[in-house]
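Each chain is listed here by its residues.
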Amino acid sequence: MKIPRLPVILILTVILYVSCNNANRNQNAGNEEKQKQEEPLKVPPFNADSAYGYVKAQVDFGPRVCNSAAHEKCADFLVKKLKQFCPDVIVQKGQVKAFNGTTLNFKNLVASYNPGTNNRIFLCSHWDSRPFADHDPDVKKHTTPIDGANDGASGVGILLEIARQLGISKPAIGVDIIFLDAEDYGPPDDQKRNEDTTDWWGLGSQFWAKTPHKANYFAKYGILLDMVGAPNATFLEEEFSMKYAPAVVRNVWNIAGKLGYSAYFLYEKGGEIIDDHLYINMILNIPTIDIIHLVKNNSTGRTDFYPTWHTTSDNLNSIDKTTLDVVGKTLMAVIASEK
Ligand code: AHN
Ligand code: ZN
């Protein structure tokens, strides 16, 4: 059979042309997709100078130890600022017993944006500071209260700046900013007895988790900040966070990575830390993570706190604006990513 040459060649040419074109288009689509993924995330504004100012303002009151005058004055300051930024502020007052029998007067402070919706998340940090520098290299200082610039004030400073920003831009979802009290009144290390329970920490969060500021309180998840202001801080994947809220850890770490902060938010396991998030997870059943500065100890294989933890050197000199910026911008991006 004779096949006509010219039409066959024509048809083959057309097929070749069309398939090449398609391949090209597919490749272009792939590039666009890739570009979209790699495009840096847009970060809503967060001002690290302002956050630093809020850290300093707290430290300037002196150690915010429960029952002290500085504690009382700082509470007034925090409530005043929250009310400036948010119309719905609730102060939860109460008393709890410390490990040594002292009755502690505490205040948990809650600012609620879009209080009517259950489509919400909360961000929290403890605002009290530790009554003893029991890890100070100088034993004589073991009973001195600490400034807690990092351990306490850093997280609150970042959250106050977030509260200010949310007051301006109004979040699409519900957000609660919660300042928890009486976290750091745990027994001093040199006085620890075997029969001590571990539940002397996070007394304010234990109270709040049992009795939230509102009946039937619900949030999709929570984020705790603890010691988030030291230079070159490293946030490891804390073990209780991974046990109770692994998807939240993944999401926050991914967002931080997209912002270029993967030197701070490490994909590395950290040990279990008894902190406010543990009680919220156990008692209130809201998946809550702890963004906490941890350091891998290569000789013990365990994770340690940063070197000035529970020492008199946890003061304003140990605060770095860049770290405040990294954490603040990450959280602003997390809020903006929620629908
Ligand atoms: C314990 O040392 C068991 N928990 C530490 C929680 C903490 C203290 N966070 C800040 N200060
Ligand atoms: Zn502490």
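Rules used throughout
- Residues numbered from 1 in each chain as written.
- Chains lettered and ligands numbered in written order.
- Predicted model: local features only at pLDDT ≥ 70, side-chain atom pairs only at ≥ 80, totals over all residues.
- Heavy atoms only, no water.
- Helix = DSSP H or I, 4+ residues; strand = E, 2+ residues; numbered from the N terminus.
- Contact = heavy atoms within 4.5 Å.
- Areas by Shrake-Rupley, 256 points an atom, 1.4 Å probe, with all protein chains shown as cover.
- Core = buried A, V, L, I, M, F, W, Y, C linked by side-chain atoms within 4.5 Å.
- Buried < 20%, exposed > 50% of the residue type's maximum accessible area, 1.4 Å probe, protein only.
- Phe/Tyr/Trp six-rings, centres within 6.5 Å; stacked < 30°, edge-to-face > 60°.
- Lys NZ or Arg CZ within 6 Å of the ring centre and 35° of its normal.
- Donors = N, O, S within 2.8 Å, 3.2 Å for Na, K, Ca; no water.
- Axes fitted to C-alpha atoms, helices over the stretch in contact; angles between N-to-C directions.
- Parallel < 35°, antiparallel > 145°, perpendicular 65-115°, else oblique.
- Left-handed = near helix turned anticlockwise from the far one by under 90°.
- Nonpolar A, V, L, I, M, F, W, Y, C, P; charged D, E, K, R; others polar.
- Expected span 1.5 Å × (residues − 1).
- Arc of directions from axis to C-beta.
- Polar contact = N/O pair within 3.5 Å; in protein donor to acceptor, adjacent residues only side chain to side chain.
- Pairing = 2+ DSSP bridges.
- Near = heavy atom within 4 Å.

Q: Could you give me a rundown of the overall build of the protein, with the residues and numbers involved?
A: For the protein, the count of helices and strands is nine helices and 10 strands. Restricting the contact set of the protein to residue pairs at least 6 apart, pairs at least 24 apart contribute 79%. Accessible surface for the protein amounts to roughly 16,200 Å². Of this, 54% is attributable to carbon and sulfur atoms.

Q: A description of the nonpolar core should follow, citing residues and the corresponding values.
A: Counting 62 residues, the largest nonpolar core has Leu-123, Ile-162, Ile-177, Phe-179, Ile-223, Phe-265 and Ile-291 as its most contacted members. At nine residues, the largest contribution of residues to this core is made by helix 4 (residues 149–169). Ile-162 has contacts with Phe-46, Leu-123, Ile-177, Gly-328, Leu-331, Met-332 and Ile-335, leaving out every residue within four places of it along the chain.

Q: With reference to specific residues and values, describe the packing of aromatic side chains.
A: Tallied over the full model, the rule gives 11 aromatic pairs. Ring geometry for Phe-99 and Phe-132: centres 6.2 Å apart, planes at 75°, overall edge-to-face. Taken together, the residues Phe-99 in the loop between strand 1 (89–97) and strand 2 (103–113) and Phe-132 in the loop between strand 3 (120–126) and helix 4 connect sequence positions 33 residues apart. Across this residue pair, the class does not change: Phe-99 and Phe-132 are buried. Over the ring of Tyr-52 we find Lys-321; its NZ or CZ atom is 5.1 Å from the centre of that ring.

Q: Any chance you could break down the coordination of the zinc ion (ligand 2) for me, citing the residues and the numbers?
A: Around the zinc ion (ligand 2), the protein contributes the donor atoms Asp-151 (OD), Asp-184 (OD), Asp-184 (OD) and His-310 (NE2), at 1.9 to 2.5 Å from the metal centre. Summarised as a motif, the one-chain spacing of the donors to the zinc ion (ligand 2) is D-x32-D-x125-H. Of this pair, Asp-184 sits in the loop between strand 4 (174–180) and helix 5 (203–210) while His-310 sits in the loop between strand 10 (303–304) and helix 9 (321–337), placing them 126 residues apart in sequence. With respect to class, Asp-184 is no different from His-310; both count as buried.

Q: A description of the packing of helix 7 (residues 246–258) against helix 9 should follow, citing residues and the corresponding values.
A: Two elements in contact, helix 7 and helix 9, have axes whose closest approach is 9 Å; the angle formed by their N-to-C orientations is 115°. Taken as axis vectors, helix 7 and helix 9 run roughly perpendicular relative to one another. In terms of crossing hand, the pair formed by helix 7 and helix 9 is right-handed. For the pair formed by helix 7 and helix 9, the contact residues are Val-252, Ile-255 and Ala-256 on the first element and Thr-330, Ala-333, Val-334 and Ser-337 on the second. Grouping the amino acids of the contact of helix 7 with helix 9 by side-chain chemistry returns five nonpolar, two polar and no charged.

Q: Residues and numbers for helix 7, please.
A: For helix 7, built from 13 residues, the straight-helix expectation of 18 Å at 1.5 Å per residue is met to within 8% by its first-to-last C-alpha distance of 18 Å. Restricting attention to buried positions, one finds in helix 7 the residues Val-248, Val-249, Val-252, Trp-253, Ile-255 and Ala-256. Buried residues along helix 7 cover an arc of 160° about the axis, so they all sit on one side. Residues of helix 7 that are exposed and angled more than 90 degrees away from the buried face: Ala-247 and Lys-258.

Q: Which residues make up the environment of Asn-297, and what are the values?
A: Relative to the assigned elements, Asn-297 resides in the loop between strand 9 (295–296) and strand 10. The exposure class of Asn-297 is buried, given its relative accessible area of 17%. Residues contacting Asn-297, with those up to four places away along its chain left out, are Arg-302, Thr-303 and Asp-304. Looking at Asn-297, its side chain comes within polar contact range of the side chain of Asp-304, at 2.8 Å.

Q: Summarise the sheet that holds strand 3; cite the residues concerned and give the values.
A: Strands pair in a sheet through their backbones, by hydrogen bonds, and they do so in one of two ways: parallel or antiparallel. Taken together, six strands build an open sheet; the order of strands is 1-2-4-3-5-8 and the sheet is mixed. Both edges of this open sheet fall to strand 1 and strand 8 (288–292), since each of them pairs with a single strand only. For this sheet the average axis-to-axis angle between neighbouring strands, irrespective of direction, equals 20°. Along the sheet, helix 9 contacts strand 3, strand 4, strand 5 (221–226) and strand 8; its crossing angle with strand 5, the most-contacted strand, is approximately 175°.

Q: Break down the site of ligand 1 for me, with residues and values.
A: With respect to spatial proximity, the complete set of residues near ligand 1 consists of His-126, Asp-151, Glu-183, Asp-184, Trp-201, Asp-226, Met-227, Ile-274, Asp-275, Phe-305, Trp-309 and His-310. Note that a nitrogen atom of ligand 1 is positioned 3.3 Å from one of the side-chain N or O atoms of Glu-183. Separating a nitrogen atom of ligand 1 from a backbone N or O atom of Ile-274 is a distance of 3.0 Å. In isolation ligand 1 has 320 Å² of accessible area, and contact with the protein removes 89% of it.

Q: Just give me the short version of the environment of Glu-238, but keep the residues and values in it.
A: You can see Glu-238 is positioned in the loop between strand 6 (235–237) and helix 6 (239–244). Considering only alpha carbons, one finds Glu-238 and Val-249, 11 residues apart in sequence, at a separation of 9.0 Å. Only 3.1 Å separates the side chain of Glu-238 from the backbone nitrogen of Phe-240, close enough to count as a polar contact.

Q: With reference to specific residues and values, describe the environment of Ile-162.
A: With respect to the element layout, Ile-162 can be found in helix 4. Among the residues examined, Ile-162 registers a relative accessible area of 0% and is labelled buried. Considering only alpha carbons, one finds Ile-162 and Lys-329, 167 residues apart in sequence, at a separation of 9.0 Å.

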